[in-house]
Amino acid sequence: MSKLYVDEIASKTGGTDALTIDSFGRIAMPAKPSFFATNNANAWQSFGNTNFNTMPFNTTTHNIGNHYDTSAYRFNVPVTGSYYFYLQFLHDATTTSSYGEARLRRDSGGTQTILAFKHNSFQGDTVAVATVAYLQANDYVEAQGRVGNTNADDWYAISYYSNFCGYLIG
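Everything numeric in this text was worked out from a predicted model, so none of it was measured.

Colleague: Help me get a handle on the nonpolar core, residues and values and all.
Modeller: In terms of nonpolar packing, the biggest core is built from 27 residues, with Met55, Phe57, Tyr83, Phe85, Leu87, Leu104 and Phe164 touching the most fellow members. Looking at this core, the elements with two or more residues in it are β3 (34-38), β9 (81-91), β10 (100-108), β12 (125-135), β13 (140-147) and β15 (163-168).

Rendered as structure tokens:
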């Protein structure tokens, strides 16, 4: 790992150690960005439309580096590197002919690209998508979902059914 990379991480974490090695040779990376986001409603939620919507994951169980924004519902990439992301949500979709879709979307200086996409046509099922992506510092990633037929119970906001997480691989 180059010194520039270590210094870049330290500058993004307020000067805390980016890497430590204990007396047994174990490497710890306390500044390695990682998050697990959910919605605290603990009830069925509605998108109110059939468009892709940024999933309103407004709370985190952990947010190392504070790079997940619980107001804008997105992960702000602190350092250039490879990242792993996972999104899942339980959708109702109201009828057996409807569907749920999940996608991970990257924004890089105003240019948006889809990193991963999943379609699920089973009513009352979980739709999930995961990816590894090489991202630049200052990009951001959003978790988005939609259903084919909206009503009051489009998706279930309970952490083990609906969540968004990610971390820096290296």
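Colleague: Tell me about the packing of aromatic side chains, residues and numbers included.
Modeller: Counted by the stated rule, this structure contains 17 aromatic pairs. Ring geometry for Phe47 against Trp155: centres 6.3 Å apart, planes inclined by 20°, an arrangement best described as stacked. Residue Phe47 is located in the loop between β4 (44-45) and β5 (53-54), and its partner Trp155 is located in strand β14 (residues 155-156); the two are separated by 108 residues in the primary sequence. Counting every residue linked through ring pairs, the aromatic cluster contains Phe35, Tyr68, Phe75, Tyr83, Phe85 and Phe164. A cation over a ring is seen here: Arg74 above Tyr140, with NZ or CZ 3.7 Å from the ring centre. When the ring centre of Phe52 is taken as origin, the NZ or CZ atom of Arg103, which lies over that ring, is 3.9 Å away.

Calculation notes
Residues numbered from 1 in each chain as written. Predicted model: local features only at pLDDT ≥ 70, side-chain atom pairs only at ≥ 80, totals over all residues. Heavy atoms only, no water. Core = buried A, V, L, I, M, F, W, Y, C linked by side-chain atoms within 4.5 Å. Buried < 20%, exposed > 50% of the residue type's maximum accessible area, 1.4 Å probe, protein only. Helix = DSSP H or I, 4+ residues; strand = E, 2+ residues; numbered from the N terminus. Phe/Tyr/Trp six-rings, centres within 6.5 Å; stacked < 30°, edge-to-face > 60°. Lys NZ or Arg CZ within 6 Å of the ring centre and 35° of its normal.

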